[in-house]
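What the coordinates show
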Amino acid sequence: MTGVWYAPGRINLIGEHTDYNGGLVLPFALGSGVTVSAARRDDRLLVLRSAQLPGVVTVPLDELSPGRITGWAAYPAGVAGVLRAAGYPIAGATLSIDSDLPRGAGLSSSAALECATALALTRLYGLRVPRTELARYAQQAEHEYAGTPCGIMDQAASLLCTEGHALLMDCASGATEQVPLDLAGHVLLLVDTRSPHVLSDGGYARRRGECEEAARLLGVSALSEVTEVPAALPDPVLRRRTDHVVTENDRVRRAIEFLRAGDAAGLGRVLTASHRSLRDLYEVSWPAADVTVDTALDAGALGGRMIGGGFGGSVLLLATLDRADDVAGSVSGAYAARGLATPVITRVSPGPGAYRRS
Ligand code: ADP
Ligand code: MG
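What counts as what
Numbering of residues begins from 1 in every chain and follows the order in which that chain's sequence is written. For naming, the first written chain is A and the first written ligand is 1, with later ones following in the order written. Thresholds applied to this predicted model are a pLDDT of at least 70 for local features of residues and 80 or more for the giving and counting of side-chain atom pairs; totals over whole chains, interfaces and linings are not thresholded and use all residues. UniProt positions are given in the numbering used here, feature names are shortened, and annotations may be inferred rather than shown by experiment. Secondary structure elements follow DSSP: runs of H or I no shorter than four residues count as helices, runs of E no shorter than two count as strands, and numbering proceeds from the N terminus. What makes two strands pair is DSSP finding at least two bridges between them. Note on definitions: angles span 0 to 180 degrees between N-to-C directions of axes, and those axes are lines fitted to C-alpha atoms, for helices only across the stretch in contact. In plain words, the nonpolar core is the set of buried Ala, Val, Leu, Ile, Met, Phe, Trp, Tyr and Cys residues that C-beta atoms within 7 Å link up. With C-beta atoms placed from the backbone, a residue is buried if 20 or more other C-beta atoms are within 10 Å of its own, exposed if 12 or fewer are, and partly exposed between those counts. For every domain, the bounds stem from an assignment made automatically or drawn from a database. Working definition of a contact: two residues with C-beta atoms, positioned from the backbone, lying within 7 Å. By convention here, the C-beta atom is placed from the backbone, and a residue is near a molecule or strand when that atom is within 6 Å of it. Under the convention adopted here, Pro, Cys and the residues Ala, Val, Leu, Ile, Met, Phe, Trp and Tyr are nonpolar, Asp, Glu, Lys and Arg are charged, and Gly plus all remaining residues are polar.

1. A look at the UniProt feature "domain: GHMP kinase N-terminal" (unreviewed entry) in the protein chain
The positions UniProt marks with the feature "domain: GHMP kinase N-terminal" (unreviewed entry) are residues 78-160. Helix and strand shares over residues 78-160 are 55% and 8% respectively, and the end C-alpha atoms of the span are 21 Å apart.

Structure below.
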């Protein structure tokens, strides 16, 4: 038994820093992802190759446990380990991985790798595991084997998104809904600001801690349970963080209304409002991101915002088809004028979720 399975990376259209606060997110699948060519084997070995990285990693399945595998192989091996621990009889496979997603760029190559692997391993063995469950196993693999305490958004997006749609997800209940993302006459531009994330700085972990503290003071289990910033929160920093979470959830709802009404200008405005909130209230933006959004708006973009955890990474811009080249050119020019590294600007659109390729 052999086959080829594909799973995409994702971009979150709006709903930033809401996931771990039990709020709303609205990711869509990219047209790029990870492909796993898989063959069944019954010798209790997992044999792993990646076209992007040297070497072959052979993992004896009976000795597989969290912490035993390091490096990139922890992702696919982790999926096998988690599925086996859940009782699925996976007795071995050869997995050849290939990808057209940049690694570590915030487009969730790790979830794409996990999800393509999860589909490959279950389908090789004829196991019909629902995609919502596969997403949870993939997330569990990332927690236990790769040591990253991520939310469920990336795996859910990779497995549940459909072409031409974004996926509304309530991170408290796990409920999802397909929202048409019709870009006719418009373009989404992804700007890699070439400012890498400064993870060692601990800013992301600090924001999570602040939200937990605010929720504790307010007596709620997650910050998204409040609908306005309560007076009971005197600390100005915690008030700003709460204000962002509350207004960001509201912006996700408004973005959906604009999408349903075909109002691209309205969507652009909430994207920009999200950026300003991330800059001023959540304080996770970085200089090149602010330059990108401000320059793009001056050049006639409908809106834009930083995406991802912050402190570096990418910006998403929305422009009409006829303004898109001008916007991209203006952003590149602004970087050059400030001596910033040349940004990498690509067009993105909502592609299909994971599927069997052959
Ligand atoms: P992101 O998910 O944003 O791309 P992560 O740091 O979460 O960034 O995941 C990147 C890691 O996923 C890589 O360091 C590597 O271990 C693994 N990975 C992603 N794509 C591949 C690939 N094509 N081959 C092997 N490993 C990959
Ligand atoms: Mg990742």
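2. What about the sheet that holds strand S11 (residues 313-320)?
Judged by pairing direction, the sheet is antiparallel, and its 4 strands sit side by side in the order S10-S11-S9-S12 without closing on themselves. Taken across any chain shown, the strands that pair with only one partner, and hence form the sheet edges, are strand S10 (303-307) and strand S12 (344-348). Strand after strand, the sheet turns through a mean of 25° between neighbouring axes, direction not considered. Where strand S9 (residues 186-195) lies against S12, 5 bridges are found, and the strand directions are antiparallel. What sits directly across from Leu188, in S12, is Val348.

3. A few points about the nonpolar core
The biggest cluster of nonpolar side chains holds 102 residues, and the ones touching the most others in it are Ala7, Cys115, Ala116, Leu189, Leu317 and Val327. Take this core: its biggest share by element is 10 residues, from helix H2 (residues 109-124). A domain split of this core shows at least three residues from each of domain 1 (2-178) and domain 2 (182-348). Formed by 8 residues, the second largest nonpolar core is a distinct cluster that contains Ala214, Leu223, Val229 and Val246.

4. Let's talk about the pairing of strand S8 (residues 176-180)
With 5 bridges joining them, strand S7 (residues 165-170) and S8 adopt antiparallel strand pairing. What sits directly across from Leu168, in S8, is Glu177. Between S7 and S8, which pair antiparallel and follow one another directly, the connecting turn spans 5 residues, one of which, Gly174, has a positive phi of 85°.

5. Description of the sheet that holds S8
The antiparallel open sheet is built from 3 strands, whose spatial order is S2-S7-S8. Looking along the sheet, the strands with just one partner apiece sit at the ends: strand S2 (24-25) and S8. As defined by bridge partners, S2 adjoins S7 across 2 bridges and the pair is classed as antiparallel. Across the sheet, residue Leu24 finds its bridge partner in S7, namely Asp170. Against the sheet, helix H4 (residues 153-160) contacts S2, S7 and S8, and its axis sits at roughly 140° relative to S7.

6. Regarding the site of ligand 1
Within the structure, ligand 1 sits among 17 residues, and Ser50, Trp72, Ser99, Ser109 and Ser110 are positioned closest to it. Contributing elements (two or more residues each) for the shell around ligand 1: strand S6 (93-99) and H2. Examining the composition of the shell around ligand 1, we find that 3 residues originate from one element, H2, more than from any other. Across the shell around ligand 1, the residue classes break down as 8 nonpolar, 8 polar and 1 charged.

7. Observations concerning unusual backbone geometry
Even without glycine at this site, His17 takes up a positive phi of about 65°. If you trace the backbone, His17 turns up in the loop between strand S1 (2-12) and S2. Owing to 24 C-beta atoms within 10 Å, His17 belongs among the buried residues under this scheme. We note that Arg194 has phi near 65°; this positive angle belongs to a residue other than glycine. Along the polypeptide, Arg194 turns up in strand S9. Using a count of 15 C-beta atoms within 10 Å as the deciding quantity, one classes Arg194 as partly exposed.

8. What about the pairing of S1?
For S1, a buried count of 8 out of 11 residues is recorded, marking the element as mostly surrounded by other parts of the structure. Bridge count between S1 and strand S3 (residues 27-40): 10 bridges; the pairing is antiparallel. Paired with Val4 across the strands is Ser37, a residue of S3. Relative to strand S13 (residues 355-356), S1 runs antiparallel, the two being bridged by 2 bridges. Residue pairing in the sheet places Tyr6 in a bridge with Tyr355 of S13.

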